[in-house]
Amino acid sequence: MNMEKVFEERLKKYKLIAAIKEPKSIEKVIKYKDNISAVILMTGNILNVKQYVDVLQSEGLPVILHVEKIGGLQVDQYGIDFIIDYIKPFGIVTTKSGIIKRAKSRGMFVVQRIFLIDTEVYEHLLNSLEHLQADIVEIMPSRAPDFLDKLSGASPVPVITGGLLSTVNHAKEALEHGAAAVTTSNTEMWKLDMNNL
């Protein structure tokens, strides 16, 4: 079964995406994988990131690589090709539209991370939804339920959210306001079944 299919099925089943910020969290994510749809990998460098990706994906967890967080990786055309041809994560997450374009041209699954810092960013996002190239939009921070509501209703792709998500109530509120999933690096939250909050 291909990873995209695995991801789609896991996302329907599990409403939590684990953000891994340090290698020691890999063991925990594997332990709680029955609550987790995918992993956003935000640690590693060009020497060890392939090993992390391989271990996680061999456990059935699709890996979405945060390309801007990998040490020693130049995120240009060659860097994207290196990720796709050698590291082979299920997808990538980025804030940069040039990277999205390059990755999509190579058939890569892409999550576009957007920081809602003000109304201008939000309105720009709403106005550009029809031109979205990403497969998923991730809104940061997670604590903007009214914006999440409108966005998830208008977006042609699923909307996920993370950042400042530290309690069950934050997760519940985000999911109730249209998020397809919540992302968190809080390992205590990984223990929870988001379907039964």
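Remember, it's a predicted structure, so these values are computed and weren't measured experimentally.

Basis of the calculations
Residues numbered from 1 in each chain as written. Predicted model: local features only at pLDDT ≥ 70, side-chain atom pairs only at ≥ 80, totals over all residues. Heavy atoms only, no water. Axes fitted to C-alpha atoms, helices over the stretch in contact; angles between N-to-C directions. Helix = DSSP H or I, 4+ residues; strand = E, 2+ residues; numbered from the N terminus. Parallel < 35°, antiparallel > 145°, perpendicular 65-115°, else oblique. Left-handed = near helix turned anticlockwise from the far one by under 90°. Contact = heavy atoms within 4.5 Å. Polar contact = N/O pair within 3.5 Å; in protein donor to acceptor, adjacent residues only side chain to side chain.

A. Broad picture of the packing of helix 6 (residues 119-127) against helix 7 (residues 145-154). Two numbers describe how helix 6 lies on helix 7: the axes approach to 10 Å, and their chain directions differ by 15°. Classified by the angle between their axes, helix 6 and helix 7 sit roughly parallel to one another. Handedness of the helix 6/helix 7 crossing: left-handed. Across the interface between the two elements, Tyr122, Leu125 and Leu126 from helix 6 touch Phe147, Lys150, Leu151 and Ala154 from helix 7.

B. Structural view of the environment of Ile83. Inspection of the secondary structure puts Ile83 in helix 4 (residues 77-87). Sequence spacing of Ile83 and Met108 is 25 residues, and the spatial spacing of their C-alpha atoms is 9.8 Å.

C. Structural detail: the side chain of His66. With respect to the secondary-structure elements, His66 resides in strand 3 (residues 63-66). Within the structure, His66 has its side chain in polar contact with the side chain of Arg113 (distance 3.4 Å). With residues up to four places along the chain from it excluded, the contact list for His66 reads Ile40, Leu41, Met42, Val93 and Arg113.

D. Looking closely at the environment of Thr95. Examined against the element boundaries, Thr95 turns out to sit in the loop between strand 4 (91-94) and helix 5 (97-105). On a C-alpha basis, the gap between Thr95 and Ile114 in space is 6.3 Å, while along the polypeptide they are 19 residues apart. Among all residues touching Thr95, those that are not within four sequence positions of it are Glu68, Arg113 and Phe115. Polar contacts involving the side chain of Thr95 include one to the side chain of Glu68, which spans 3.2 Å.

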